[in-house]
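# Structural description and commentary
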Amino acid sequence: MANTMVDHCIIKARNDKREYRRVVLENSLEALLVSDPDTDKCAASMDVGVGHYSDPTGIEGLAHFLEHMLFYASEKYPEEDSFDKYTSQHGGGTNALTGSDHTNYHFVANADCFEEALDRFSQFFVKPLMSSDAVKREIEAVDSEFQKNFLSDSWRIGQLQSHLSMEAHPYHKFGTGNRQTLGVQPKAKGIDIRQELIKFYEENYSANLMRLVVYGKGSLDKIQNLVVQKFNAISNNKQSCFQISGHPCLGEHLQVLVKAVPICDDHMLQVQWPVPRSIHHYKEAPCSYLSHLIGHEGEGSLFHALKILGWATSLSAYESFADSNTSFFNVVIEMTDAGHEHMQDIVGLLFKYIDILHQSGICQWIYDEIAAVRETMFHNQDKISPMSYVVSIASNMKWYPPKDWLVKSILPSNYNPGIIRAVLEKLSSRNFRIFWVSKNFEGETNMVEPWYATAYCIDKLTDSTIQEWVQHAPCEHLRLPVANQFIATDLSLKKTDKVMYPVLLRKTSFSTLWYKPDTVFSVPKATVHLKFNCPYACNSPHAELLARIFKRLVCDYLNEYAYYAELAGLYYGICQTDDGFELEVSGYNHKLRVLLDTVLKAMADFTVKPERFSVIKEKLTKNYQNFKFDEPRFHASYFRSLILNDHSWPWEEDLEILETLQPKDLSQLAPTMLSRAFLECYIAGNMERDEAESIVHHIEDIFFNGSHPICKPALQSQLMTSRLITLDEGVSYIYSTEGLNPNDENSALLHYIQIHQDDITMNVQLQLLAFIARHEAFHQLRTVEQLGYVCLLTHRYDLGVHGLQFTVQSAVKCPKYIDTRVQSFLKSFESKLFEMSEAEFKSHLNALIESKLEKDKNLWEESERHWEEITDRTFLFDRIETEVAALRKLTKQELIAFFHEHVRIGAPKRKVLSVRVYGSKHSSDFEVDKNEAVEPNTVRIDDIFSFRASQPLYGSHRRGYERMEVHSNSK
């Protein structure tokens, strides 16, 4: 039996057709059931009310370690990793996360697997198995995760902030764990870590502390019966919620300036104030109101002032969790070099703006505007993946009454200036701490954070010091924002013809227009994708870098204006491509045209502002310089692209050129850059045909028409196409290099198998092979062999060429050794593939088909899929249906033949590139590797550009528009 609460008591969006029911099982487990007849997937999320704040003293990371261990096996399903195997082979997957006060476990799978997937999931909370061997191995996985994050500034500064708090408060704790805390130290003390895991589980994993969300296709009654049947057996030991007393920061931790040395060469300023947690006033939303104003980017805002002064490149204001009663209100500012020299002025301006909020009072019109925008967004929200949806609900259930489980803090509805003012009063110069992060502090610090070894020092501040900074800060025109003119008021849906795929409405020598009205999602939203094929924007590293600065400057000039649009749910983005630019404007269609026209005008009327050029150049230079601090797996990916893509340049050369660029260079190139162009446009959503055609006519008028046109049509010979290097059949290529960061112990292997150009039959053979092998590879390389935390097998698609790629990052083994283990895996997988029964083959095949037939959840998913076909010039808008038809004909023998021909070790057509990036821990292995004689049919790449010059290229797979017919308007 279970107590129930039907969905009419649970507030949901007006466009949400799903049904909801709250149930409380006999063991006090609370659950939300979601019935969605239209879903292709089922999902569940179990949120357990215990996190790393509950770690026993001296066993840091135990809660996180248990999160790793729980999905291993259960008494009912004792095969190791069988749940991950089951979900991955049925169109889904699993994951989990450990927070400070909760741990969340979740999965997704094809909808027809609901009952078995739910049964397997439930058993982890009924009778999990944690074998001694698995415990020993998984400590290495936790340590690999720690090593992966060790040189991440976000992790380092976050832990430093925790370290500088009350030692008796759980906020002070180190939650990840590593080999020392979970292996070496417990063993030295005679502690059996497996017994500690079991004890922690038995004491804390109690049904009364669990909250479950289950998402399925069936009726609520059917889902409820399954939930009662599967989860009632979870033990309820009536464990009380974890209680926290005291505050994380007392006087000694406040009014301090903490100077810290980062890994990356950036300047960051973070001001924190401890405040009452606003979850207890979620209808009043005090922190949302204050972050809206302090984090605003329009004219008169704090960020606008800092930007005009050339001191900041970004600013954000937000609330972060400390404990059930306390949060931190944060203002994070990314500073320029000049801003770093004016830190005191920046803090002074921040407090000046806070003074303006005091003087202005709490404005109801601002509160009402925030509430109105949020209400529109809530009631017109897009569907997201079922797994993301259940996690977002389950993670927050304990903080809200059941009627607000879906709403959460989204809808402020109770204007209470007193509650907002009380939080504003906390943002004082007596109740704060500052974290000032910069490489400039190297050699000036006297302390080291114990877990991530971050160097820092602390200066004490006083109230009078801050007041002095305020007085000396420049007199900028700070003010509250104005009313937002971008808020959509026309949310009506337009009547359009039903169209299954995009249609070509128009083609000229200037442009093409593809169009697809929304007849599926019924939302008042639209998207405009526009690709500028500009041959002069990408024909050299020099041009490409100036084009990148051009793109960033356009966004910089528009920021104050477009920020209002973003707040109102209307977004734009400009990205650089191999052959020019792409512009996307998406959101509520009512005022989309206004934003689009402004962005286009900014591109057309572009002029260089030298002071902004300098800021953008400095930021871009630091991005290039900081590339060496990325994880080694990203470096391996970069080297793969540099080796295989004929239209790519080394980052060191880019950096060298970048440092020489001046404003006049862009002033000279900008007119040339847009002088020849061909535009491809795709318009989709709540937009009529005439509107779409009108938009493209207007775009052509801006760029191509008039007495002095900006653009002329690009000539066919000018339209550049990036192409991929063809690897030789039967040959393995090896590129070995030392890691770019000498302080990073992690190494990485990228084992890439190049297979074929876009071809439906071969596509589906490779897709099915990757689908079957993905879990097997993860299980063997990660779970069994513990080669590293990151062990991925992915299907790659680059410039029309398909391939298979293994990526492993490890601080345990060197890349060459990992490469041999990948090859060993492929040999063992060959046997499994050959021994697979017809029933198993059909099961995998059908699961892949179900995954491919999963419906788009929102307009953006559908439009991105269609836009990719347009920009790739493949135009296979029915690709899914075509590939499913090919899959239905595929036999096991054909799949084995494909594997034997292209993937198997020693296969006649096997083409392999192994990129080996050696971390500092494996530097001696690198010396051995580079001097070692290679095996037969193996080529060592010593000079990337000599290699590229020696290899043929794949032909372009892109189709032209010459023979394509324009869709007529006849009915």
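Figured I'd write up the structure that's included with this text. (Residues numbered from 1 in each chain as written. Predicted model: local features only at pLDDT ≥ 70, side-chain atom pairs only at ≥ 80, totals over all residues. Heavy atoms only, no water.)

## Things to note about helix α14 (residues 386–394)
Along α14, the residues that are buried comprise Pro386, Tyr389, Val390, Val391, Ile393 and Ala394. Buried-residue contacts for α14 involve β2 (19–25), β3 (30–35), β4 (41–48), β7 (103–110) and β9 (210–216). (Buried < 20%, exposed > 50% of the residue type's maximum accessible area, 1.4 Å probe, protein only. Helix = DSSP H or I, 4+ residues; strand = E, 2+ residues; numbered from the N terminus. Contact = heavy atoms within 4.5 Å.)

## Side note on the pairing of strand β21 (residues 580–588)
When a strand is regular, its side chains alternate between the sheet's two faces. With respect to burial, β21 is a largely interior element, 8 of its 9 residues being buried. Where strand β19 (residues 525–533) meets β21, 9 bridges bridge the pair, whose relative direction is antiparallel. For His529, the partnering residue across the bridge sits in β21 and is Glu584. Here strand β20 (residues 570–577) pairs with β21 via 8 bridges, running antiparallel. Bridged to Gly573 within β21 is Glu584. A loop of 2 residues connects β20 with β21, the two strands running antiparallel in sequence. (Pairing = 2+ DSSP bridges.)

## As for the pattern of salt bridges
Summed over the entire model, instances satisfying the criterion amount to 56 salt bridges. The salt bridge involving Asp40 is made with Lys855; its shortest N-O contact spans 3.5 Å. Taken together, the residues span a long stretch of sequence, with Asp40 in the loop between β3 and β4 and Lys855 in the loop between α26 (838–852) and α27 (859–871) at a distance of 815 residues. Here Arg137 makes a salt bridge to Glu80, at a shortest N to O gap of 2.8 Å. Residue Arg137 is found in helix α4 (residues 132–149), and its partner Glu80 is found in the loop between β5 (73–74) and α2 (82–88); the two are separated by 57 residues along the sequence. The network of salt bridges with common partners includes Asp758, Lys852, Glu869, Arg879 and Glu883. (Salt bridge = Lys/Arg side-chain N within 4 Å of Asp/Glu carboxyl O.)

## Observations concerning the environment of Glu138
With respect to the helices and strands, the residue Glu138 is situated in helix α4. Once the C-alpha coordinates of Glu138 and Lys498 are considered, the two residues, 360 residues apart in sequence, prove to be 53 Å apart. Those residues in contact with Glu138, other than ones at most four positions away along the chain, are Phe65, His68, Met69, Tyr72, Arg782 and Gln786.

## A short note on the pairing of strand β13 (residues 326–335)
For β13, the buried fraction is high: 9 of the 10 residues fall into the buried class. Linkage of strand β12 (residues 312–321) to β13, two consecutive antiparallel strands, is achieved through a turn of 4 residues.

## A short note on the sheet that holds strand β11 (residues 267–276)
Taken in spatial order, the 7 strands make up an open sheet running β12-β13-β11-β14-β10-β16-β15, and their pairing is mixed. Pairing within the sheet leaves two strands with one partner each, and these edge strands are β12 and β15 (447–448). In the sheet, β11 pairs with strand β14 (residues 433–437) via 5 bridges, with the strands oriented antiparallel. Bridged to Leu269 within β14 is Trp436. Helix α12 (residues 343–360) rests against β10 (256–260), β11, β13 and β14 of the sheet, and its axis sits at about 35° to β11. (Axes fitted to C-alpha atoms, helices over the stretch in contact; angles between N-to-C directions.)

## Side note on the environment of Ser235
By the secondary structure assignment, Ser235 is in the loop between α8 (220–231) and β10. For Ser235 and Val615, which are 380 residues apart along the polypeptide, the C-alpha to C-alpha distance reads 59 Å. Beyond its immediate sequence surroundings of up to four residues, Ser235 is in contact with Tyr205, Ser206 and Ala207.

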